[in-house]
Amino acid sequence: MPSPSIAPAVAHTGFHPLRTAAIGLLAAAAVALGWLGLQVAPQHVVIDVREHARRHQVELENRLRLADRVLRAIAADVAANGRDSAPLGDAERRYFDNVTFMRPGQAPIQMLPTTGEVPALEPALQDQVDLGETVVVTQVVAGNTQAARVTLVRTIAPTGALPALLAADVSAHYLWAIGPAPAQSGGLCVREAGGLTLHCSTPLAWEASATLRSDLATSTGPFAWTAGPRSWQGAGATLTLVSPRVRDHWTVLALAPPAAATDGLDAWTTSALAWAGVLALLAAAGFVLLRRPGGGASGAPVMRSAPTVAAQPSDHAATGHDEASLQRRLDRQRSAIRAMAEVDRASLSRAGVDRLVELASAHLLLCTGAEALVIAVLESDGLNRMTVTQVFADEADTPSPEQRAIDDSLHSLMAAPTDGGWLHKLGGMSLTQPLVARGIGSAFVLPIHQDGQPAGLIMLGCRDPALIGADETSNARAISGRLGAALTSLAREQALYAQTHFDTTTSLPNRQYLKEHLPQQISRARRDRVRLALLFVDLDGFKTVNRIAGHSRGDLVLMEAARRIRACLREEDIVTRFGGDEFVVVLPKVAAGMDARRVGNKLLEALARPYLVDGEEHQLGCSIGISIFPDDAQTVDAMLRNADSAMFDAKAAGRGRYAFFDAAVNRAAIDRSSLELELHHAVAHTEFVVYYQPQIDLRSGQIDGAEALVRWNHPQRGLVSPYEFISVAEQAGLIENLGEQVMLAACLQYRDWDAKGIAPQRISVNVSSLEVTRGDIVERVERILSLSGLRPMHLELELTEGVFLEEASGALEKLHALRQRGVRIAIDDFGTGYSSLGYLRRLPIDVVKIDQSFVRDLTTNRDNASIVRAVLDVAHSLGKMVVAEGVETDQHSAQLVSMGCDVGQGFLWSRPLPADQFESFMRQWQMVSRPVPLELD
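Residues numbered from 1 in each chain as written. Predicted model: local features only at pLDDT ≥ 70, side-chain atom pairs only at ≥ 80, totals over all residues. Heavy atoms only, no water.

### Focus on unusual backbone geometry
The line we're drawing: Secondary structure elements follow DSSP: runs of H or I no shorter than four residues count as helices, runs of E no shorter than two count as strands, and numbering proceeds from the N terminus.
In this structure, the amide linkage connecting Phe 629 to the following residue, Pro 630, adopts the cis form with an omega of 5°. Relative to the helices and strands, Pro 630 is located in the loop between strand S24 (621–629) and helix H18 (636–652).

What follows is the structure in structure tokens.
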């Protein structure tokens, strides 16, 4: 049926101009009186109750989330060790009244002395539990008029097994006893989405809550109502439950009598003035209505609908169908616009290819209505490979991208027309096999262009091609264009970076790279209190090669020299071509001059071997100058200048040798030998003590954990910092024995605190990369847990990122084995070495610790703030907790809270303390009522 036609219709007024002006003045006066009445009306109590509700909501959300973490840890422990019948400790009793475990077809097992049960789950909740989520089940307790029973339920069965359920009743005291209410407050109530009142802080609040209408019971704004002879004002705050996928919520309602808001004015006068204002506004509104067409007369033209014939039922159905189609079309266009905006933002923030593809794939199915999506992007390494991402509408999870070799079929697909085209025969191509397996027979293929050249493709699969029309393909083209532009920008930026930061002859980093990265290495060495060595390497006799053999053969010699230097170094060491025949090597974390001396000898030997170029043999050598931080210099320029000076000393002494800038370094190398002997004695006689530093939950203000830090109690020198002996212990083969002593001491200490009821959630212990790559770390951890009686859920191992690069040593398999047993894994100093946000999802870790070098300048350095925010976004999206190290000021803490960081650690709260002082610290901390940190706007 055609749309109703619209025609203008003008009505004229019979009002006299003077009368019209008088009525206008009266209306203006009424509006002014209404505005004044509303301004003087009791407003500030609404602000008070809103703030009270919001604070309570934040604290309640934190407590539920913390209880969920504890329950997940219990589930992991049961899954790993089968300890379903073992009693739980005091730490768990703080959160739960009872914990019940039940396997299918078996009687429930009580894991706490009190008796509980596994509640029956509705189908929707059961589906979420089957997906591995924690759900919240509420039940009114008979005879209890102020609190309902709240139960957390989750499954602990491995994939493919029958679901074994774990249910825990959250302690009413832990959940609801949050603190005193503000003065003149009527109390707090918590209601679930269905309208059930779960808890009220006072009987008066319970009575008031019972009189609320259902629409007000879940309101998040200010409201007022009357309950019998009493008048109330209130405000609500929505509380998200522990699992984001479970679309359920509670509402926290804060109540207060209006009398608390008079602010010095008589309550009757204020109320009367408020009502007068409201009546005045109503009068003004009535005047306006009377002036509208159909209500009296009008002085201006108005638009009226022309008469139309009433629609038949079939016409209504058609109209509804058109409206649904239009709404679906608008939704898809909005999704396409959102995708383009997110890709643009990611491109501006220099996101990698994986992130760009992830953003595009998250929206393409929504904005096209396709049943399957394939995005393939060429790798930039020139190895004829593509990264392929596949997404299917009937699957909740997106599989990880995979690399594939490019075959002829992929080349032909990328050669599709710029505007795309339909492919109706999907068989015979490796890329389309998953689509064919799902019965999808057609696909719209759209190439992705980078700098005008095919760089990948987008494939939209569906069983019925008619479902993807012109609007949908237009959306796909728009996203493809944005993705191609982002890839072009990324490729140009990478090419520019490579051009300015890498040497074209040797492919080594160049002087610019060194000038940008050496300050970071020095800052890290200063923070960790370790030494750093800089070696200035100059080839002896290279100018002769250039003069006799020519520059092209000289370049080949330089390439071979670069390869030999790289082969002499560790993965974490840096080598750059400084210029001409000069190379600079940076050795982080060295033990005095001994490490530098050893590397110097290896370089002298490697670079002295003959060079065979085009059948001609050339004999070269090298001279090396060595500068040590902090002994010789404190800055980049001073380090380079001193190493260069030492290199000339080596040349002056006859070439083919190395020289230290300061002779004192030679004495330090000798001292290192005696230190190694003393370390053997210290390990044999257990001269090491453990200090502890608290880790604070930034939202609740509670102590979340403690990091164990080793100190050497030297008989003559007193306490010795680990930066002076850890590297020596590693090189001397003592690190495994030392690490085992520290871990056992920390676990035993935690058990002692647990018995006293003051233990934090976990104890974190640093583990050397050598303990993982060379030792039997899994067996040692199990032995220590058995000896100490510590549950795996309370132990966290902190490792530097270098461990995760040791794939050949089986390190990742060992870490996976530890996580399966319930031990938490943390990556320490994230962001200072070879860190990549992209590989976080592939690592077996639970916690990401942001290095303090980024936190220290968080409030003044925009780049550091962007890095911290990116780490938080990626880590949280992967379900990992984030700890910020080096928090030293309230400004650091406040900004981290606003960013959503989970835990902070630093001198703001405490330096590392011995066990007895740390115990006193925890007791005092528990006695102090700490406010909930507010999130910043």
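### Some points on the sheet that holds strand S13 (residues 372–378)
Note the following rule: Two strands qualify as a pair provided that DSSP identifies no fewer than 2 bridges between them. Axis angles are defined between N-to-C directions and span 0 to 180 degrees, where every axis is a line fitted to C-alpha atoms and, for a helix, only to the segment in contact. Contacts: residue pairs with any heavy atoms within 4.5 Å of one another.
Spatially, the six strands line up as an open sheet ordered S15-S14-S13-S18-S17-S16, and their pairing is antiparallel. If you trace the sheet from one side to the other, it starts and ends with strand S15 (402–405) and strand S16 (421–423), each paired once. Within the sheet, the average angular offset between the axes of one strand and its neighbour, ignoring direction, is 30°. Two elements, S13 and strand S14 (residues 385–392), share seven bridges in a ladder whose sense is antiparallel. Looking at the pairing, Ala 372 lines up with Phe 392 of S14. Across the sheet, helix H10 (residues 353–368) touches S13, S14 and strand S18 (453–462), and the angle it forms with S13 is around 155°. Where helix H13 (residues 470–501) meets the sheet, its contacts fall on S13, strand S17 (442–450) and S18, and the angle it forms with S17 comes to roughly 30°.

### Notes on the confidence of the model for the chain
Our working definition: pLDDT is defined as a per-residue confidence score from the predictor, taking values between 0 and 100.
Summing up the model confidence of the chain, the mean pLDDT is 78 and the portion of residues at 70 or higher is 79%. The lowest-confidence element of the chain is strand S1 (residues 6–9), averaging 30 in pLDDT; the highest-confidence one is strand S26 (residues 688–697), averaging 95. Low confidence marks residues 1–16, where pLDDT is under 50. Its contacts with residues over four positions away, or in another chain, come to 25 contacts. Under a pLDDT of 50 for its full length, residues 929–937 has, in the predicted model, 19 contacts with residues more than four places off or in other chains.

### What to know about the environment of Cys 189
Rule in force here: Buried means the residue's accessible area, taken with a 1.4 Å probe over protein chains only, is under 20% of the maximum for its type, while exposed means over 50%, and partly exposed covers the values in between.
Here Cys 189 is to be found in strand S7 (residues 187–192). On the basis of relative accessibility, which here comes to 1%, the residue Cys 189 falls in the buried class. For the pair Cys 189 and Leu 255, spaced 66 residues apart in sequence, the C-alpha to C-alpha distance is 8.1 Å.

### Side note on the state of the cysteines
This is how the line gets drawn: Counting rule for disulfides: a pair of cysteine sulfur atoms within 2.5 Å.
Evaluation of the coordinates by the stated rule reveals one disulfide. Two residues, Cys 189 and Cys 200, share a disulfide whose sulfurs are 2.1 Å apart. What sets the handedness of the Cys 189 and Cys 200 disulfide is the S-S torsion sign, and at about 110° it is right-handed. Of the two residues, Cys 189 is situated in strand S7 and Cys 200 in strand S8 (residues 197–200); the sequence distance between them amounts to 11 residues. Among the residues examined, Cys 200 registers a relative accessible area of 0% and is labelled buried.

### Some details on the nonpolar core
Rule in force here: Buried residues of nine kinds, namely Ala, Val, Leu, Ile, Met, Phe, Trp, Tyr and Cys, make up a nonpolar core once their side-chain atoms join them within 4.5 Å.
Core analysis: the biggest nonpolar cluster contains 81 residues, and Leu 795 and Leu 797 have the highest contact counts within it. Non-local contacts of Leu 795, meaning those with residues more than four positions away in its chain, are made with Cys 747, Ile 763, Val 765, Val 781, Leu 785, Leu 790, Val 823 and Arg 824. In this structure, Ala 73, Val 78, Phe 96 and Val 252 belong to the second largest nonpolar core, which totals 45 residues.

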